Amino acid sequence: QVQLVESGGGLVQAGGSLRLSCATSGRTFSSYDMGWFRQAPGKERELVARISWSGGSTYYVDSVKGRFTISRDNAKNTVYLQMNSLKPEDTAVYYCAAGPKAWTFNYWGQGTQVTVSS
């Protein structure tokens, strides 16, 4: 069983930055695809960023390209989401997710709230 624990959320003004972290348990982290999702009130959950097990491949939804960066440290079993130039529309609960197959996410964290004020 893989457990994911997010941290780093909070309240920030528009234009500011936050870095989310997702610490994972288990020995298989380095072989897992990792993703960050978000869900705003009244909206569906969307994939924001994804990183392959090696870190060699990344994906970003168009709305965050150039502002967000996903990275991973396999030695620390941790994945990060650096969020810069934050906008009010980035306000959401952000979830970390993991899966043993590419683009498949079987395990989820509890979520961390990100609120961007205008």
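Residues numbered from 1 in each chain as written. Predicted model: local features only at pLDDT ≥ 70, side-chain atom pairs only at ≥ 80, totals over all residues. Heavy atoms only, no water.

## Some thoughts on the pairing of strand β3 (residues 18-24)
Operational definition: In this scheme, a residue with accessible area under 20% of its type's maximum is buried, one over 50% is exposed, and one in between is partly exposed, where area comes from a 1.4 Å probe on protein chains only. Here a strand is any run of E in DSSP of at least two residues, a helix any run of H or I of at least four, and the numbering for each starts at the N terminus. At least two bridges found by DSSP between two strands is the condition for calling them paired.
Burial within β3 is extensive, with five of its seven residues counted as buried. Looking at chain direction, strand β1 (residues 4-7) and β3 are connected through four bridges and run antiparallel. Along β3, the bridge assignment pairs S7 with S21. Two elements, β3 and strand β8 (residues 78-83), share six bridges in a ladder whose sense is antiparallel. By the bridge assignment for β8, L20 is matched with L81.

## Structural notes on the environment of N77
Selection rule: Any two residues whose heavy atoms approach within 4.5 Å are treated as being in contact.
Following the sequence through the fold, N77 ends up in the loop between β7 (68-73) and β8. Among residues more than four places away in sequence, those in contact with N77 are C22, A23, T24, G26 and F29.

## Quick word on the nonpolar core
For soluble globular proteins, nonpolar side chains are generally found buried alongside one another. The condition is simple: Throughout, nonpolar core names a set of buried Ala, Val, Leu, Ile, Met, Phe, Trp, Tyr and Cys residues whose side chains join them through atoms within 4.5 Å.
Judged by nonpolar contacts, the single largest core of 29 residues is most densely connected at M34, W36, V79, L81, M83 and Y94. Considering each element in turn, this core owes the most residues, four residues, to strand β9 (residues 92-99). Setting aside its immediate chain neighbours within four residues, Y94 contacts E6, L20, W36, F37, R38, V48, F68, L81, M83, G111, T112 and V114. Of all hydrophobic cores here, the second largest spans five residues; its members include F37, L47, Y95 and A97.

## Points about the sheet that holds β8
Strand pairing in a sheet relies on backbone hydrogen bonds. The paired strands run either parallel or antiparallel. The line we're drawing: Lines are fitted to the C-alpha atoms to define the axes, a helix being fitted only along its stretch in contact, and any angle between axes, read from their N-to-C directions, falls within 0 to 180 degrees.
Spatial strand order, β1-β3-β8-β7: four strands in an open sheet with antiparallel pairing. Strands with a single pairing partner mark the edges of an open sheet, and in this sheet they are β1 and β7. Taken over all neighbouring pairs, the strand axes of this sheet differ in orientation by 15° on average, direction set aside.

## Quick notes on the pattern of salt bridges
Put simply, the test is: When a carboxyl oxygen of Asp or Glu lies within 4 Å of a side-chain nitrogen of Lys or Arg, that pair is called a salt bridge.
Using the criterion set out here, one finds five salt bridges in the structure. Residues participating in the shared-partner salt-bridge network are R38, E46, R67 and D90.

## Side note on the packing of aromatic side chains
This is how the line gets drawn: What counts as a ring pair is set by centres within 6.5 Å for rings of Phe, Tyr and Trp (its six-membered ring), and what kind of pair is set by the plane angle: stacked under 30 degrees, edge-to-face over 60, tilted for all other angles. Counting as a charge over the ring demands two things of the Lys NZ or Arg CZ atom: a distance within 6 Å of the ring centre and an angle within 35 degrees of the ring normal.
All chains considered together, the criterion is met by four aromatic pairs. Between F37 and F105, the aromatic rings sit 5.2 Å apart at their centres with planes inclined by 85°, giving edge-to-face as the arrangement. Here the residue F37 occupies a position in strand β4 (residues 33-39), and F105 occupies one in the loop between β9 and β10 (107-108), the gap between them amounting to 68 residues. You'll find F37 and F105 in the same group, each marked buried. Relative to W108, the ring of F37 has its centre 4.7 Å away and its plane inclined at 55°; by these criteria the two rings are tilted. With F37 in strand β4 and W108 in strand β10, this pair connects stretches of sequence that are 71 residues apart. With a relative accessible area of 11%, F37 lands in the buried category. Assessed through its relative accessible area of 34%, W108 is described here as partly exposed. When the ring centre of W108 is taken as reference, the NZ or CZ atom of R45 above it lies at 4.8 Å. A cation sits over an aromatic face here: R72 above F29, 4.5 Å from the ring centre.

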